[in-house]
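Secondary and tertiary structure notes
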Amino acid sequence: MAFKLPDLPYAKDALAPHMSAETLEFHHGKHHKAYVDKLNELIAGTEFEGMSLEDIIVKTHGVKKHQKIFNNAGQHWNHSQFWTAMKPKGGGRIPASLEKRIIADLGSVEEFKKSFTQEGVDQFGSGWVWLVEADGKLQVTKTANAENPLPEGQRMILICDVWEHAYYIDYRNERPKFLKTFIESLVDWDAAAARLEDKSSDAKSKKSQSRSAA
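Reading guide: rules and limits
- Residues numbered from 1 in each chain as written.
- Predicted model: local features only at pLDDT ≥ 70, side-chain atom pairs only at ≥ 80, totals over all residues.
- Heavy atoms only, no water.
- Phe/Tyr/Trp six-rings, centres within 6.5 Å; stacked < 30°, edge-to-face > 60°.
- Helix = DSSP H or I, 4+ residues; strand = E, 2+ residues; numbered from the N terminus.
- Buried < 20%, exposed > 50% of the residue type's maximum accessible area, 1.4 Å probe, protein only.
- Lys NZ or Arg CZ within 6 Å of the ring centre and 35° of its normal.
- Core = buried A, V, L, I, M, F, W, Y, C linked by side-chain atoms within 4.5 Å.
- Contact = heavy atoms within 4.5 Å.

Glancing now at the packing of aromatic side chains. Summed over all chains, the structure comprises 10 aromatic pairs. Look at Phe 82 and Trp 128: their rings are 6.3 Å apart centre to centre, the planes differ by 75°, and that puts the pair in the edge-to-face class. Linking Phe 82 in helix H3 (residues 67–84) with Trp 128 in strand S2 (residues 127–134), this pair joins segments that are 46 residues apart in sequence. Phe 82 sits in the buried class, given a relative accessible area of 0%. An aromatic cluster of three or more residues is present, and its members are Trp 77, Phe 82, Trp 83, Phe 112, Phe 116, Trp 128, Trp 130, Phe 182 and Trp 189. Looking at Lys 30, its charged tip hangs above the ring of Phe 26, at a distance of 5.9 Å from the centre.

Quick look at the structure:
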């Protein structure tokens, strides 16, 4: 069994003008695909072959000799979540269930948006910004490179990619502008609310991590 690149849940031009088809052609079709291909190559014939993507991430996290496997597994999982965090004509009103939790745990919707954007801007170099549920509370956090909330036992509610290849074609070096556009015009709040309500998921996106015969 081998991991495969998940299909985008929308057409490549469906997020325009906020994210171009060219960006998705490179980001999904080349960057993400390269992580999947390399992961399959690295785990072939090892103890990790046949494991779920989440188990590979947790078991290789912090293990120096498995750093390459972790990097590619983490990037596969992170990107798979990122595609489903957006939708055509995104943004808009946050569903009441998620809005209520944001206000209770983070102060207000505006404070949350400001914090999410600032964490993404402050991430030095490559990485990710997240809304997670940890210890029963929503938190905004950031991670570098391929790191993600799984090894910490946190549930991913929302994710944004702040590696340069996520935005450079459309926004050049303007990461703050990209993050603002993500929050206001790309994010799929309904999907975020569904993740929050799905207590059985443990932050897993089963569709995104589907496996096929090698």
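Here we take up the nonpolar core. Of all hydrophobic cores here, the largest spans 59 residues; its most connected members are Phe 82, Met 86, Leu 98, Phe 112, Phe 116, Leu 158 and Phe 182. With 6 residues, the single largest contributor to this core is H3. Residues in contact with Leu 158, not counting those within four places in the same chain, are Ala 85, Phe 112, Phe 116, Val 129, Trp 130, Leu 131, Phe 182, Val 187 and Trp 189.

Turning our eyes to something else, we now look at unusual backbone geometry. Pro 17 follows Ala 16 through a cis peptide bond whose omega is 5°. Relative to the helices and strands, Pro 17 is located in the loop between strand S1 (2–3) and helix H1 (21–43). Its identity as a non-glycine residue notwithstanding, Asp 135 has a phi of 55°, on the positive side. By the element assignment, Asp 135 lies in the loop between S2 and strand S3 (137–144). The backbone phi angle of Arg 172 is positive, close to 50°, even though this residue is not glycine. Overall, Arg 172 belongs to the partly exposed group, its relative accessible area being 47%.

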